[in-house]
Amino acid sequence: MFDAATYRARRRTLLQEDRPAEGLVLLPGNTPSPRNYADNPHPFRQDSTFLYYFGHDRPHLCGVMDLEEGTASLYGRTSTLEDEIWTGGTPSLQALADRVGAQKGGSLSVLEEALADARARGRTIHFPPPYRDAQRLRYARWLGGAPDEIGAQASEALARAVIRQRSVKTDAEVAEIEDALTATAQIHRAAQRHAVPGATEQSLVGRMTGRLAGANRSFAFPPTCSIHGEVLHNHASPNTLAEGDLLLVDAGATSPRHYAGDITRVTPVGGRFTERQRALYTAVLAAQEAALQALAPGVPFVEIHRRAAHVLTEHLMELGLMQGDPAAAVAAGAHALFFPHGLGHMVGLDVHDMESLGEDRVGYADDQSRSDQFGLNALRLARPLRPGYVVTVEPGCYFIPPLIEHWRAEGRHDEFLRYDRVTEFMKEGGIRLEDDALITADGARVLGPSLPKSVDAVEAEAGAAV
Ligand code: GLY
Ligand code: MN
Ligand code: MN
């Protein structure tokens, strides 16, 4: 946890500067999520907005802010003798409240009375959108209404205020992300250095998992560790590496305070890119470098996405996979055959930061709307950048057989796409390069320790430990 002053200051900002007009703000922490029966839960993950304002990483808590009084209270389950015997006791709610600078601590039954009283007096109760059924059930019980419909009552004003605040990272938060990236670099190196013919993907996942567990950290999201990088969120690792494969690892560690890192690297198994792989890798690297250089306050991220797409397209034209005018091809969306996802997203307490509050609210300004063009429609972040934002930059180039077959059968964008050549590349899989950058007053800074990325550095790293 940070110190109490940090949480007090964060709440003060919400209460004073960014606040919804009146009422109570209800920020429930998470409850345990059972795997197969109640006493056998998944590892606990606290709700990130609760963590941001109330810090405690334990289940059954709920934070409340009173917008008129300017006060904060922390409610929770009081521990029973049974709890003390089986899982150990917990500090009193007042002690937990004191630890994060909240005025009052109390039991959940006191919270229920306070909510009933607020409703009886017609006060607005602002709460963030639920993303778990357990939250829907609890909101419905506390506030009245059907669990399936309660999400519609979530507070737009609160979600927007929280997003405005959480989007701009403080120095302490950037330090957490850099800490996460240091551990992230270690697990990537562990995978790269053992990526040799005969190694299994799962053994590399195991090396990463072991390092994280030994350091009391976890993955920030399910990792991709696969020679089938063309499956964009591929969480299966059943294959054995062979000479000539490209291993794509997209993995991130958490910091002790739960901030995320999110890095992708591609390693040639056997230590040498084929000529074709090298050309494709170089194309993605050039797109990423162009995008990183273009990061600056005020620049809409959608423009940086287009810049990366343009550079990638120029390279694909040189390779004979595309033809025509690069700007026209990008405007038409033809490059999305190879690059069907967005360039990046914000990173913070969540790897896709704040998406539970609404992907478009986080990623799009009021005067922007999401395109329905294939590829651009997957862009999570489009808004103008501001100092303090931390964003990923992750262009890719993929050969996705069902997508290629589908477009080829339609003749889609055939003025820009050389399907004869594309089918020759069908087995080339996928390449993505991802780094995390902080937007500064006059540009951007790539965060975390440097991790091999040039063709030579990656070839030198591949299998180096074996
Ligand atoms: N690791 C998921 C992503 O890069 O968005
Ligand atoms: Mn990412
Ligand atoms: Mn990633």
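Anything mentioned here points back to the structure above.
Our subject in this report is the structure included herewith. (Residues numbered from 1 in each chain as written. Chains lettered and ligands numbered in written order. Predicted model: local features only at pLDDT ≥ 70, side-chain atom pairs only at ≥ 80, totals over all residues. Heavy atoms only, no water.)

**Structural notes on the coordination of the manganese ion (ligand 3)**
Keep this limit in mind: The donor set comprises N, O and S atoms within 2.8 Å of the metal, extended to 3.2 Å for Na, K and Ca; water molecules are omitted, so apparent gaps in a site may simply reflect that omission. Geometry is assigned from donor-metal-donor angles: four donors are tetrahedral when every angle falls between 85 and 135 degrees, four are square planar and six octahedral when opposite donors sit over 155 degrees apart with all other angles between 65 and 115, and any other arrangement is irregular.
Donor atoms from the polypeptide that bind the manganese ion (ligand 3) are Asp 250 (OD), Asp 250 (OD), Asp 262 (OD) and Glu 434 (OE), placed at 2.1 to 2.5 Å. Taken together, the six donor atoms coordinating the manganese ion (ligand 3) and their angles of 56 to 169° define a geometry best described as irregular. Between consecutive donors of the manganese ion (ligand 3), the numbers of intervening residues give the motif D-x11-D-x171-E. The distance between the manganese ion (ligand 3) and the manganese ion (ligand 2) comes to 3.2 Å, and Asp 262 binds to both of them.

**Concerning the sheet that holds strand β4 (residues 104-107)**
Threshold: The rule for pairing is simple: two strands pair if DSSP sees at least two bridges between them. Think of it this way: any DSSP run of H or I at least four residues long counts as a helix, any run of E at least two long counts as a strand, and we number them from the N terminus.
One open sheet holds the five strands; their spatial order is β4-β3-β2-β1-β5, and the pairing between them is mixed. Only two strands of the sheet have a single partner each, and these edge strands are β4 and β5 (125-126).

**Comments concerning the coordination of the manganese ion (ligand 2)**
When a metal holds four donors in a tetrahedron, each ideal angle between them is 109.5 degrees; when it holds six in an octahedron, the ideal angles are 90 or 180 degrees. All of the protein donors around the manganese ion (ligand 2) are Asp 262 (OD), His 345 (NE2), Glu 394 (OE) and Glu 434 (OE); their distances to the metal are 2.0 to 2.2 Å. For the manganese ion (ligand 2), the six donor atoms in the first shell make angles of 49 to 155° at the metal, so the coordination geometry reads as irregular. Along the chain, the residues that donate to the manganese ion (ligand 2) are spaced as D-x82-H-x48-E-x39-E.

**Side note on empty space enclosed by the protein**
Put simply, the test is: Site definitions follow a grid-based scheme: protein atoms alone, a 1 Å grid, a 1.4 Å probe that fits but cannot get out for cavities, and for pockets an open set with protein on both sides within 12 Å along at least five of seven lines, plus lining residues having an atom within 4 Å of a point. Grid points are joined across faces, edges and corners, and a volume is the space filled by probe spheres set on the points. Think of it as three bins: nonpolar holds Ala, Val, Leu, Ile, Met, Phe, Trp, Tyr, Cys and Pro, charged holds Asp, Glu, Lys and Arg, and polar takes everything else, Gly as well.
One pass over the structure, following the stated rule, counts two cavities of 30 Å³ or more. Approximately 80 Å³ is the volume found for the largest cavity. Surrounding the largest cavity, Pro 28, Asp 47, Thr 49, Pro 128, Pro 129, Pro 130, Tyr 131, Gln 135, Arg 138, Tyr 139, Ser 356 and Leu 357 form its lining. No other element matches the three residues that helix α6 (residues 133-143) contributes to the lining of the largest cavity. Of the residues in the lining of the largest cavity, the class split is seven nonpolar, three polar and two charged. Looking at the second largest cavity, its volume works out to about 60 Å³. In terms of residue class, the lining of the second largest cavity is built from three nonpolar, three polar and four charged.

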